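Residues per chain are reported as follows:
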Amino acid sequence: MSTVKLTVNGKAVAVDVEDRTLLVHVLRDHLNLTGTHVGCDTSQCGACVVHVDGRAVKSCTMLAGQADGASITTIEGIAKGDELHPMQAAFRDNHGLQCGYCTPGMIMSAIDIVHRHGGQLDEATVRSELEGNICRCTGYHNIVKAVLDAAGRMKVSQAAE
Amino acid sequence: MGVEGIGARVVRKEDKRFITGKGRYVDDIKLTGMTHAHFIRSPHAHAKVKKIDSSAALKMPGVIAVLNGQQLVDDKVGNLICGWAITSKDGSPMKMGAWPAMAPETVRFVGQAVAVVIAESKNLARDAAEAVVVDYEELPAVADIHAAIKSGAPQLHPEAPGNQVYDWVIGDEGAADAAFAKAANVVKLDVTNNRLAPNAMEPRAAIADYDAAEEHFTLYTTSQNPHVARLVLSAFYNIAPEHKLRVIAPDVGGGFGSKIFIYPEEMVALWASKKVGRPVKWTGDRTEAFLTDAHGRDHVTHAEMAFDAQNKILGLKVKTYANFGAYMSLFSSSVPTYLYATLLSGQYNIPAIHAEVIGVYTNTTPVDAYRGAGRPEASYLIERLMETAARQLKVDPAQLRRTNFITQFPHQTPVIMAYDTGDFNASLDAAMKAIDYAGFPARKAKAKADGKLRGIGVSCYIEACGIAPSKAVGSLGAGVGLWESAEVRVNPVGTIEILTGSHSHGQGHETTFCQLVAERLGIPISQVSIVHGDTDKVQFGMGTYGSRSAAVGLTAILKAMEKMESKAKKIAAHALEASEADIVIENGEFKVTGTDKAIALPMVALAAYTAHNLPDGMEPGLKESAFYDPTNFTFPAGTYICELEVDPGTGKTSFVNFVAADDFGRLINPMIVEGQVHGGLVQGIGQALLEHAIYDANGQPVTASFMDYAMPRADDVPSFNLSHTTTLCPGNPLGIKGCGEAGAIGASAAVINAITDAIGKNNLEMPATPDRVWRTIHAA
């Protein structure tokens, strides 16, 4: 057992976990942040993507201990109160989700993609960058639209700040 | 249409919880005192279970119990059932091999459970499972259809000699023979329809909670049809009587058919919860999904089509072998029979059809309905045949289809179905225009100059949806009726709850069903809630599959709404001292037509519940229910055309354009309909290019993770160009045909027709991987 200290969605937490515990299970089982999902056992599907110190990470592929001291942002932590993150709003407005299971990971990956590429996003880049997130419902068409839409919205909101 | 009524692109009400991480899926639920189950599964495709030694596991920390199949037998828990009886051509019933939830004696596929560990945590259960020693005696196994039907093949079930489930026929063999005897041309084709793993992104899960004081079970489960689950668990598996079992399917992360069926894990969790006296949770991992979720497709078919000298189809003969895996899953028997062979007429006038379907057991995961269920296999076969015929007869493939389209409705096919309406030329025209079919030869020539092989492929699909008229399916062997129920509750303050037996696992019912209410009453959808997925709340329901929720489920809501509106109009007329016939409903008010007299819905509702001043003899309250049984299937149809390029150096396929022109009848929410088509198209493209659930000759699965099974990813597939042509379905009052499966039914033939057009060779199996395409290009 080890104590792992994290800052999750801006809040400091300390959890005692077995050393083999994965970050995703700390989030889901210890902190009740069940928006982060598990969709595979092999780091392929991306349903578990969160931000660790600002970078998109598959939380099923990181031991909780490896995240000790890190700042974690999950799907529950990106809206400002009732104001949705532009990526969340774009997924809703473009019908970029159906069953919702892959959606949190998609949104967290997509935010990271926009951050890394800034205004240089096009459809081919979005499709290539989403290779690590699997969706079985949407056929990706509207997810790609949503990410491109959100990239524009995020640029606008950054410019406003 | 109002801003939120029928036909409006309303953003989904359910989205807020999903995009903020507040969805509530089964694995998100924690109960006090909950224990965790881990199943011990056979590593062998076929083996005798000689001994299960749990002694070491039982001494490990946190282990509560290790339970096995013999204990299920001792407790008289029933075997799994198949709910659709199929009769062979010799009159004999299908041959059912017994399928216990955990195998006490013999395992017949890799992944079949033999025991379960119940422990304080998931990890402790997994650790203990490693310490359970199962002594197996391996038996010869068979995984492939061809191998399974050979004489001397390993036999799976004593009940099924030759591994044959049934040998079923449909159509008129004599008429087909006569058609072929007078044919000017006969086109022959052998096709394999590759086995697929459904892979809903949420793995299956179950939490069972037994209340000893009430002798009552609650089951939270990943189900497309919780009432059917309760019925089957009660009536056949001897778990609990229906009134002592509540089944809740909360947010469910995709289904595609795989969550229709009642699986061993739910049964065992319920049974184990009573045994250990605590709630039991099981959440599958992805490999368990590959091993145990019912697979789809897996047909081997030989077909022949006869043409006259004017290229009119005279007849069709089909012989299909369908792989059912090791056991008959819940609705498996109907898939390659009544959901497949009844669609073999496609969009065409075919005077004579005869089809024979032979069901086969193999040592593989059971096969059942997966998005489209039988209809993709039929559509793929017919559309590959039409393309093959066009090449052989040297006519334009679109023109050959046009020559043979059914244009008069209703149209009785030789294989049961009576198509009610459609306009197949309209969807073909729309798709050809969208893709600039006329300009293709010039584009092909230009691509050739660039060293690329360009191809175009047409697929004109039809499906039977709105499943299904109960009397009709009953006469064909179904063990259930396929109506739907609904209840409309108007609360005393005028807000409305709609209870439906349909189940949403991504389809957006919480939005589209509200749109009907908004349309009829002129109130915002924020005033309406949809309640589904809980057998304690909803009276009954048959669930969601077969593109039935709008055509059948929404029609049931309409019927209940009409009853409610009729009563509300009486109350309004009484309050306004007007004639009931003069009352109209507009913008949330009941108005006396031609006057300014009106009473708002909340006041009508309040009057219904205060009951101070109701018409004489009227019962208080404003709540109505209805059951709706469709009179026919619905027949969505359309044309998909795919244009692509193949790199002859690598065999890699790149999409240039993909157009879809669908006729779904009336659309409730076009945005949601488009999303359904996009998703279906990618499942069809996935089958054509990427996906294949593979077993080696000994029945070992080769593709049991996302590392090995190629799921379509964002960079594998194109964006789509969608359009709609509309003929309203005459079979239901809203004119709806259904849209959930079309993409998966029509897409794969368009892709393979396009690749084979590009490479100039007709025979190419799915999935058309670069390796396979390259070998086909360069084969002698």
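The rules behind these values
- Residues numbered from 1 in each chain as written.
- Chains lettered and ligands numbered in written order.
- Predicted model: local features only at pLDDT ≥ 70, side-chain atom pairs only at ≥ 80, totals over all residues.
- Helix = DSSP H or I, 4+ residues; strand = E, 2+ residues; numbered from the N terminus.
- Rg over C-alpha atoms; globule rule 2.2 N^0.38 Å.
- Buried ≥ 20, exposed ≤ 12 C-beta atoms within 10 Å, placed from the backbone.
- Contact = placed C-beta atoms within 7 Å.
- Axes fitted to C-alpha atoms, helices over the stretch in contact; angles between N-to-C directions.
- Parallel < 35°, antiparallel > 145°, perpendicular 65-115°, else oblique.
- Left-handed = near helix turned anticlockwise from the far one by under 90°.
- Nonpolar A, V, L, I, M, F, W, Y, C, P; charged D, E, K, R; others polar.
- Domains from an automatic or database assignment.
- Pairing = 2+ DSSP bridges.
- Core = buried A, V, L, I, M, F, W, Y, C linked by C-beta atoms within 7 Å.
- Expected span 1.5 Å × (residues − 1).

For the rest of this paragraph, the subject is the overall build of chain B. Of regular secondary structure, chain B possesses 20 helices and 28 strands. In terms of C-alpha radius of gyration, chain B reaches 27 Å, essentially the compact-globule figure of 28 Å for 780 residues. Along the first, second and third principal axes, the C-alpha atoms of chain B reach 85 × 75 × 50 Å. For chain B, the residues scored as buried account for 59% of the 780 residues in total. For chain B, contacts bridging at least 24 residues in sequence account for 81% of all contacts bridging at least 6.

With that out of the way, let us pick up the overall build of chain A. Secondary structure summary: chain A contains five helices and five strands in total. Computed over C-alpha atoms, the radius of gyration of chain A comes to 16 Å, within 12% of the 15 Å expected from 2.2 N^0.38 for 161 residues, which places it in the range of a compact globule. When the backbone C-alpha atoms are referred to their principal axes, chain A occupies close to 45 × 35 × 25 Å. Looking at chain A residue by residue over its 161 residues, the buried ones come to 57%.

Moving on, we come to the packing of helix α10 (residues 375–393) of chain B against helix α19 (residues 742–759) of chain B. Residue and element names in this part refer to chain B. Packing of α10 against α19 leaves a shortest axis separation of 8 Å and a crossing angle of 30°. The angle between the axes of α10 and α19 places the two elements in the roughly parallel class. In this structure, the crossing between α10 and α19 has a hand that is right-handed. Across the interface between the two elements, Arg375, Pro376, Ser379, Tyr380, Glu383, Arg384 and Glu387 of α10 pack against Ala744, Ile745, Gly746, Ser748, Ala749, Ile752 and Asn753 of α19. By residue class, the composition of the contact of α10 with α19 is six nonpolar, four polar and four charged.

Accessible area lost upon the coming together of the parts is a frequently used measure of interface size. Listed per partner, the contact involves 43 residues of chain A and 40 residues of chain B. Residue assignment for the side of chain A that touches chain B shows that the elements contributing at least two residues are α2 (86–93), α3 (103–117), α4 (123–129) and α5 (141–160) of chain A. The element that contributes the greatest number of residues to the side of chain A that touches chain B is α2 of chain A, accounting for four residues.

In this section: the domain arrangement of chain B. All names here are of chain B. Domain assignment breaks chain B into domain 1 (15–20 + 483–628), domain 2 (31–139 + 201–254 + 259–292) and domain 3 (384–462 + 634–778). Placing the centre of domain 2 and that of domain 3 at their C-alpha centroids yields a distance of 39 Å. Across the contact, eight residues belong to domain 2 and nine residues belong to domain 3.

Once that is clear, we can look at the sheet that holds strand β19 (residues 484–490) of chain B. All names here are of chain B. As summarised here, the arrangement of the four strands in space is β21-β20-β19-β25, forming an open sheet in which the pairing is mixed. Looking along the sheet, the strands with just one partner apiece sit at the ends: β21 (528–531) and β25 (623–628). In this sheet, adjacent strand axes meet at a mean angle of 15° when their direction is disregarded. Across six bridges, the pairing between β19 and β25 is antiparallel. Along β25, the bridge assignment pairs serine 485 with phenylalanine 627. On the sheet, helix α15 (residues 509–521) packs against β20 (496–500) and β21 and is oriented at approximately 130° with respect to β21. Of the strands in this sheet, β19, β20 and β25 touch helix α16 (residues 549–576), which is tilted by about 145° from β25.

On to the sheet that holds strand β4 (residues 106–107) of chain B. All names here are of chain B. One open sheet accounts for three strands, arranged β4-β2-β6; its pairing is antiparallel. The open sheet has two free edges, formed respectively by β4 and β6 (133–138), since each of these has just one partner strand. As defined by bridge partners, strand β2 (residues 47–53) adjoins β4 across two bridges and the pair is classed as antiparallel. Residue alanine 47 lies in a different strand from β4, and its bridge partner there is valine 107.

Another aspect to go through is the packing of α10 of chain B against helix α11 (residues 397–404) of chain B. Residues and elements named next belong to chain B. Packing of α10 against α11 leaves a shortest axis separation of 9 Å and a crossing angle of 110°. Taken as axis vectors, α10 and α11 run roughly perpendicular relative to one another. Between α10 and α11 lies a crossing of right-handed hand. For the pair formed by α10 and α11, the contact residues are Met386, Glu387, Ala389, Ala390 and Leu393 on the first element and Pro397, Leu400 and Arg401 on the second.

Below, the discussion takes up the environment of alanine 464 of chain B. Residues and elements named next belong to chain B. Relative to the elements of secondary structure, alanine 464 occurs in the loop between β18 (453–462) and α14 (470–475). Given 24 C-beta atoms within 10 Å, alanine 464 falls into the buried group. Sequence separation of alanine 464 and proline 712 is 248 residues, and the distance between their C-alpha atoms is 26 Å. Residues within four places of alanine 464 in sequence aside, it is in contact with Thr342, Leu343, Arg375, Met417, Phe633 and Phe635.

All names here are of chain B. In this fold, glycine 686 is placed in helix α18 (residues 670–689). Take glycine 686: there are 27 C-beta atoms within 10 Å of it, and that puts it in the buried class. Taking C-alpha positions, glycine 686 is 22 Å from cysteine 465, a pair spaced 221 residues apart along the chain. Aside from chain neighbours lying at most four places away, what touches glycine 686 is Glu691, Met711 and Pro712.

Before going further, it helps to spend a moment on the nonpolar core. All names here are of chain B. If you look at the biggest cluster of nonpolar residues, it comprises 316 residues, and the most contacted ones within it are Val116, Val117, Ile557 and Ile755. No other element matches α16, which puts 13 residues into this core. If we skip the residues at most four places from it in the chain, isoleucine 755 touches Gly455, Leu644, Val646, Thr653, Leu764, Ala768 and Val773.

A few words on α19 of chain B. Note: α-helices contain 3.6 residues per turn, so residues at a spacing of three or four share the same orientation. Residue and element names in this part refer to chain B. Its 18 residues give α19 an end-to-end C-alpha distance of 27 Å, which sits within 8% of 26 Å, the value for a rise of 1.5 Å per residue. Summarising burial for α19: 18 of the 18 residues are buried, a large majority. With its phi angle positive at about 70°, glycine 760 sits one or two positions after the end of α19.

A few words on the pairing of strand β1 (residues 35–41) of chain B. Residues and elements named next belong to chain B. Across the seven residues that make up β1, a large majority, seven, are buried. A two-sided burial pattern is seen for β1, the buried positions comprising Thr35, Ala37, Phe39 and Arg41 on one face and His36, His38 and Ile40 on the other. Summarising the sheet, β1 and strand β12 (residues 280–283) pair through two bridges and their orientation is parallel. Bridge assignment links histidine 36 to a residue of β12, and that residue is lysine 281. In this sheet, strand β5 (residues 113–119) lies alongside β1 in antiparallel orientation, the contact comprising six bridges.

Before going further, it helps to spend a moment on the domain arrangement of chain A. Residues and elements named next belong to chain A. According to the domain assignment, chain A consists of domain 1 (2–76) and domain 2 (86–160). Here the C-alpha centre of domain 2 lies 21 Å away from the C-alpha centre of domain 1. Taken residue by residue, the interface counts 15 residues in domain 1 and eleven residues in domain 2. Broken down by secondary-structure element, the contributors of at least two residues to the side of domain 1 that touches domain 2 are β3 (49–52) and β4 (55–58). In terms of residue count, β3 provides more of the side of domain 1 that touches domain 2 than any other element does, three residues in total. Residue composition of the side of domain 1 that touches domain 2, grouped by class: seven nonpolar, seven polar and one charged.

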